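Inside the fold
Chain by chain, the residues:
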Amino acid sequence: MFRIIIWCAAFLVIAAAIPGPVEACTLWVATGPIVKDNGTLIAKNRDNKQIITELKFITREKGFRFIGLFDIEAYGYVVSGINEKGLAVINASAVSVPEEKRNVAKEDLTERLLTYFDSVDSLIKEEAMFAASHPAFYIIADADKVALVEVAPGNKISMKASRDGIFTHTNHYTEEKLLSDNELATPDSRRRLDRVDYLMSTSPLPLTIEQFIAVSEDRGNSPNDSILKVCDKSKKVCTLASWVVYVPKKGFPDLYVKIMRPEQPDTIYRFILDERFWTERFKVKLP
């Protein structure tokens, strides 16, 4: 088994003394024999200022249908999604990059991936398209393979893929050739990465969607360093949504979504993404 855990000790040296922003997300994915029935699990906790996040069904005149979480109040971009071919994409901001270098997106690249690609292998061949992305991190998955992409300022790209292992990521660069692009300190990002690494390394095998959901609910560290940051009026940044998908080798993906707002009941969705879902669910509003 080839196990990959992404982390960065050298980041402490690069930017330990520079204060940075606190917007955050946590990404984790696993595939191969360590997952139930050799499938793939992919998850994201979305942390940000308390802006509206919505679940939407998207059908374009051309391309694949997909379901995704959208950032409604900012750019309206997709923050995580899965299409009818079983390709899942999640992303995170490069908070270690100054805002003026980070907010330069020309298009919603995640939406392009979900609309036009049906597998990890198909998009690996198009690595150059990530040059259109603002500085950010992407994890892409299907039933057979996962890929991690880091995009740094100046269209610098790092891509790794695996059929058997784990990727984790938060909001700073971890690939050696991109470490110098961590201009701002992100101690929260580093501590969350340590935490999700620990949770993944101590989870019983084979991994299941219920275990990934449990990781999304983690409160084992301090309120600011756990995977789940509970929303309340006193917090500027909290967990707005959890997105967890199991993509099996045989059968249909299992999607779990939890949307959280301060002092309101959580909204939980659970869908089996079978043929009926893609034909009938798109005709009605979400419950």
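Data block above holds the structure.
Residues numbered from 1 in each chain as written. Predicted model: local features only at pLDDT ≥ 70, side-chain atom pairs only at ≥ 80, totals over all residues. Heavy atoms only, no water.

What to know about the pattern of salt bridges
The criterion, for reference: Salt bridge criterion: a side-chain nitrogen from Lys or Arg within 4 Å of a carboxyl oxygen from Asp or Glu. Each helix corresponds to a stretch of at least 4 residues labelled H or I by DSSP, and each strand to a stretch of at least 2 residues labelled E; elements are numbered beginning at the N terminus. Throughout this description, buried means an accessible area under 20% of the type-specific maximum (1.4 Å probe, protein chains only), exposed means over 50%, and partly exposed covers the range between.
Taken as a whole and judged by the stated rule, the model has 18 salt bridges. Lysine 258 serves as the salt-bridge partner of aspartate 266, at 3.3 Å between the closest nitrogen and oxygen. The salt bridge involving arginine 276 is made with glutamate 280; its shortest N-O contact spans 3.0 Å. Of this pair, arginine 276 and glutamate 280 both sit in helix H7 (residues 275-280), four residues apart, which is roughly one turn of the helix. Classification of arginine 276 by relative accessible area gives exposed; the value is 57%. With a relative accessible area of 42%, glutamate 280 lands in the partly exposed category. Salt bridges sharing partners connect three or more residues here, namely Asp121, Lys145 and Arg163.

Overview of unusual backbone geometry
Among all residues except glycine, the phi angle is most often negative; among peptide bonds, the trans geometry is most common. Cis geometry marks the peptide bond from leucine 205 to proline 206; its omega dihedral reads 0°. The topology assignment puts proline 206 in the loop between helix H5 (187-202) and helix H6 (209-216).

Focus on the sheet that holds strand E11 (residues 237-247)
Condition: Strands are labelled as partners when DSSP assigns at least two bridges between them. Axis definition: a line fitted to C-alpha atoms, over the contacting stretch in the case of helices. Angles run 0 to 180 degrees between N-to-C directions. The contact definition used throughout considers only heavy atoms, calling two residues in contact when any of these lie within 4.5 Å.
Spatially, the six strands line up as an open sheet ordered E10-E1-E2-E11-E12-E13, and their pairing is antiparallel. The open sheet has two edge strands with one neighbour each: strand E10 (165-169) and strand E13 (267-272). Within this sheet the neighbouring strands show an average axis-to-axis angle of 5°, counted without direction. Its contacts with the sheet put H5 on strand E1 (24-31), strand E2 (40-49) and E10, and the angle it makes with E1 is roughly 25°.

Looking at the side chain of threonine 53
What counts here: As used in this structure description, the phrase polar contact means that two N or O atoms lie within 3.5 Å; if the pair is within protein, one of them must be able to donate a hydrogen and the other to accept it, and residues adjacent in sequence are counted only when both atoms belong to side chains.
Its place among the elements puts threonine 53 in strand E3 (residues 53-58). A distance of 2.5 Å separates the side chain of threonine 53 from the side chain of arginine 46, its partner in a polar contact. Ignoring anything within four residues of it in the chain, the contact list for threonine 53 reads Arg46, Leu69, Phe70, Leu240, Ala241, Ile259 and Arg261.

A short note on the pairing of E1
Where burial is concerned, most of E1 is hidden: eight out of the eight residues are buried. Because side chains alternate across E1, one face comprises the buried residues Ala24, Thr26, Trp28 and Ala30, and the other comprises Cys25, Leu27, Val29 and Thr31, equally buried. Pairing of E1 with E2, which is carried by eight bridges, proceeds in the antiparallel orientation. Counted as the bridge partner of alanine 24 is aspartate 47 from E2. The sheet contact formed by E1 and E10 spans five bridges and is antiparallel.

Quick look at the sheet that holds strand E7 (residues 136-141)
Sheets are built from strands paired through backbone hydrogen bonds, the pairs being either parallel or antiparallel. Judged by pairing direction, the sheet is antiparallel, and its seven strands sit side by side in the order E3-E4-E5-E6-E7-E8-E9 without closing on themselves. Bordering the open sheet on either side are E3 and strand E9 (156-162), each of which pairs with just one other strand. Strand-to-strand twist across the sheet, computed as the mean angle between neighbouring axes with direction ignored, equals 15°. One ladder, built from six bridges, connects E7 with strand E8 (residues 146-152); its direction is antiparallel. Residue pairing for E8: tyrosine 138 is matched across the bridge by valine 149. The strands touched by helix H3 (residues 109-116) are E3, strand E4 (66-71), strand E5 (78-83), strand E6 (88-93) and E7; relative to E5, the strand with the most contacts, the crossing angle is about 5°.

Observations regarding the environment of glycine 63
The topology assignment puts glycine 63 in the loop between E3 and E4. For glycine 63 and phenylalanine 117, which are 54 residues apart along the polypeptide, the C-alpha to C-alpha distance reads 8.4 Å.

Some details on the packing of aromatic side chains
As a reminder, the rule being used: Classification of ring pairs uses Phe, Tyr and Trp, with its six-membered ring standing for Trp, and accepts pairs whose centres are within 6.5 Å; under 30 degrees between planes counts as stacked, over 60 as edge-to-face, and the remaining range as tilted. By definition, being over a ring means that NZ of Lys or CZ of Arg is both within 6 Å of the ring centre and within 35 degrees of the ring normal.
One pass over the structure, following the stated rule, counts nine aromatic pairs. Summarising the aromatic geometry, the rings of tryptophan 28 and phenylalanine 212 are spaced 6.1 Å apart at their centres and angled 40° between planes, so their arrangement reads as tilted. Residue tryptophan 28 is found in strand E1, and its partner phenylalanine 212 is found in helix H6; the two are separated by 184 residues along the sequence. Both residues of the pair, tryptophan 28 and phenylalanine 212, belong to the buried class. Relative to phenylalanine 70, the ring of phenylalanine 66 lies with its centre 6.3 Å away and its plane at 15°, an arrangement referred to as stacked. The buried category is assigned to phenylalanine 66, whose relative accessible area is 0%. Judged by relative accessible area, which is 4%, phenylalanine 70 ranks as buried. Feature note: the residues Phe57, Tyr269, Phe271, Phe277 and Trp278 constitute an aromatic cluster, connected by ring pairs. Seen from the ring of phenylalanine 70, lysine 56 lies directly overhead, with NZ or CZ sitting 5.3 Å from the centre.

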